[in-house]
Amino acid sequence: MGEKRGVSGAEEGTVKSSAPQPVRHARAKSESGAQADAICLRRHQELVATPLDPKTAGISEILVASARRAAIERRAADELGRLTPPPGLARDWRRFLSYNRAQLRAALKLRNEARADDIDGIRSGSSAAANLEFHLLAFASRVGASHCASP
């Protein structure tokens, strides 16, 4: 009788301790990812509505659009920074936030270059922005925020 209870208890303990964990982690990932995704979807829509092509636009157009885009990036970075990731994603989440803040810095740099009438700086910054988007794409998918991977 003691053996039966031990086997039965071990089976119950295994089921109880391992089954809820992945479900909770997946739910927390999907909740924080969904919140981040909503923020990034709005950011993406606003950036699309504020087009900017530094290769063809004039300084005044770049100045206006870059200031608007920097404000969009700042709001998104602030909102994303207030979200709390599940413990299992903390490291990826920090990297994800880091690349979002890097996008903000790139937008601010572009705005400052436009203010300084620095055409060469403006044009050279577009390749750095593409590199940031590549890294952001990787971490956005890890945390479940697919819209954060869109430029």
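Residues numbered from 1 in each chain as written. Predicted model: local features only at pLDDT ≥ 70, side-chain atom pairs only at ≥ 80, totals over all residues. Heavy atoms only, no water.

### A short note on the overall build of the chain
The criterion, for reference: Numbering goes from the N terminus for both helices and strands, where a helix is a DSSP run of H or I of at least four residues and a strand is a run of E of at least two. Here's how the labels work: a residue is buried when its accessible area is under 20% of the maximum for its type, exposed when over 50%, partly exposed in between, all with a 1.4 Å probe on protein chains only. By definition in these notes, contact holds between two residues if any of their heavy atoms fall within 4.5 Å. Only the protein chains shown count as covering a residue, and every accessible area follows the Shrake-Rupley method with a 1.4 Å probe.
Within the chain, the secondary structure is distributed over five helices and zero strands. Mapped from its N terminus to its C terminus, the chain presents α and β elements in the order α-α-α-α-α. Put simply, the chain has 151 residues, and 33% of those count as buried. At a minimum sequence separation of 6, the contacts of the chain that also span at least 24 residues come to 77%. Here the chain has roughly 9000 Å² of accessible surface; of this, 56% comes from carbon and sulfur atoms.

### Digging into the pattern of salt bridges
We apply this condition: When a carboxyl oxygen of Asp or Glu lies within 4 Å of a side-chain nitrogen of Lys or Arg, that pair is called a salt bridge.
In total, this model carries seven salt bridges according to the counting rule given. Two residues, Glu 79 and Arg 42, come together in a salt bridge whose shortest N-O distance is 2.7 Å. With Glu 79 in helix α3 (residues 59-82) and Arg 42 in helix α2 (residues 20-48), the pair connects residues that are 37 residues apart, well separated along the chain. A relative accessible area of 18% means that Glu 79 is categorised as buried. Accessibility expressed as a relative area gives 27% for Arg 42, which makes it partly exposed.

### Some remarks on the confidence of the model for the chain
How we decide: By definition, pLDDT measures how confident the predictor is in each residue, and it falls between 0 and 100.
Per-residue confidence for the chain gives a mean pLDDT of 78; residues scoring 70 or more make up 75%. The model gives residues 2-23 a pLDDT under 50, and that stretch makes two contacts with residues more than four places away or in other chains.

### Focus on unusual backbone geometry
One non-glycine residue with positive phi stands out, namely Asp 117, at about 60°. Residue placement: Asp 117 occurs in the loop between α4 (90-115) and α5 (119-143).

### Considering the packing of aromatic side chains
Selection rule: In summary, the pairing rule links any two rings of Phe, Tyr or Trp, Trp by its six-membered ring, whose centres are within 6.5 Å, and it sorts them by plane angle into stacked for under 30 degrees, edge-to-face for over 60 and tilted for everything else. By definition here, charges over rings are those cases where NZ of Lys or CZ of Arg is within 6 Å of the ring centre and within 35 degrees of the ring normal.
By the definition in use, this model includes two aromatic pairs. Centroid distance Tyr 99 to Phe 139: 5.8 Å. Interplanar angle 25°. Geometry classified as stacked. Taken as a pair, Tyr 99 in helix α4 and Phe 139 in helix α5 lie far apart in primary sequence, 40 residues in all. Considered together, Tyr 99 and Phe 139 belong to a single accessibility category, that of buried residues. Directly above the aromatic system of Phe 139 lies the positively charged group of Arg 142, at a separation of 4.5 Å from the ring centroid.

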